[in-house]
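Analysis of the macromolecular model
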Amino acid sequence: EKLHISEPSNAYDFGQIINAVNTNKDKAACADLLTITDPKNLPMLLSNKLEGEILVIFIQSLEYYVLGKDPGLVYQHLFYLSKAERFKVVLALLSKNEKEQVQQLFDLLSENQNHQYSLEDLESLKKVYEL
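Here the structure is a predicted model, which means the values were calculated and not measured.

Within the protein chain one finds eight helices and zero strands. Secondary structure of the protein chain in N-to-C order comes out as α-α-α-α-α-α-α-α. For the protein chain, whose C-alpha radius of gyration is 14 Å, the value lies close to the compact-globule estimate of 14 Å for 131 residues. If you line up the protein chain on its principal axes, its C-alpha atoms span 35 × 30 × 25 Å. When burial is assessed residue by residue, the protein chain has 44% of its 131 residues classed as buried. Just so you have it, the protein chain exposes about 7,000 Å², and 50% of that area is on carbon and sulfur atoms.

Encoded structure:
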């Protein structure tokens, strides 16, 4: 059954949706969530709840469902995700395989580069992701 995603207004709502998405590993629903969520609100909505699993499903959802439609939005989400609490901790705990998925998303972003970000922007963000 498809998860119905509506725009979360606070960290609690966002957390509930993330939990449901994560339990079902529903990348399409996660992509819907990220599409209707203003990237600038991501750090506030995630609060201190960022986990490795969440980071990974975000990365996969952005790659599979959002990148083809809106590379600029993917860039924005990656940018604001890196400002979330616990980001450095979560990043440090990613497996080699998970890190490669992040790298792959950055590679695709540079191939699909558009006016919303420059390759310099992308390079500096890669450093934040320790790639």
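Mapped onto the elements of the fold, Leu 78 is located in helix α5 (residues 71-81). By relative accessible area, Leu 78 is classed as buried at 0%. Along the chain, Leu 78 and Leu 55 lie 23 residues apart, while their C-alpha atoms are 9.8 Å from each other.

Attention now moves to the nonpolar core. Leu 46, Phe 58, Leu 78 and Tyr 129 are the most contacted members of the largest nonpolar core, which has 42 residues in total. Considering every element that reaches this core, the biggest residue donor is helix α4 (residues 52-66), with eight residues.

The buried fraction of α5 amounts to nine of the 11 residues, a majority that puts the element mostly inside the structure. Where α5 is concerned, the buried positions are Pro 71, Gly 72, Leu 73, Val 74, Tyr 75, His 77, Leu 78, Tyr 80 and Leu 81. Close packing links the buried residues of α5 with α2 (27-36), α3 (42-46), α4, α6 (87-92), α7 (96-111) and α8 (119-128).

What follows covers unusual backbone geometry. Its identity is not glycine, yet Lys 25 carries a phi of approximately 50°, on the positive side. With respect to the helices and strands, the residue Lys 25 is situated in the loop between α1 (11-24) and α2. Under the relative-accessibility criterion, Lys 25 is labelled partly exposed at 45%. Even without being a glycine, Glu 130 presents a positive backbone phi close to 55°. Structurally, the position occupied by Glu 130 is in the segment after α8. On the basis of relative accessibility, which here comes to 44%, the residue Glu 130 falls in the partly exposed class.

A few words now on the environment of Gln 113. Mapped onto the elements of the fold, Gln 113 is located in the loop between α7 and α8. C-alpha separation for the pair Gln 113 and Leu 73, spaced 40 residues apart in sequence, amounts to 11 Å. Not counting the four nearest positions on each side in its chain, Gln 113 is found in contact with Ser 118 and Leu 119.

Reading the values: rules and limits
Residues numbered from 1 in each chain as written. Predicted model: local features only at pLDDT ≥ 70, side-chain atom pairs only at ≥ 80, totals over all residues. Heavy atoms only, no water. Helix = DSSP H or I, 4+ residues; strand = E, 2+ residues; numbered from the N terminus. Rg over C-alpha atoms; globule rule 2.2 N^0.38 Å. Buried < 20%, exposed > 50% of the residue type's maximum accessible area, 1.4 Å probe, protein only. Areas by Shrake-Rupley, 256 points an atom, 1.4 Å probe, with all protein chains shown as cover. Core = buried A, V, L, I, M, F, W, Y, C linked by side-chain atoms within 4.5 Å. Contact = heavy atoms within 4.5 Å.

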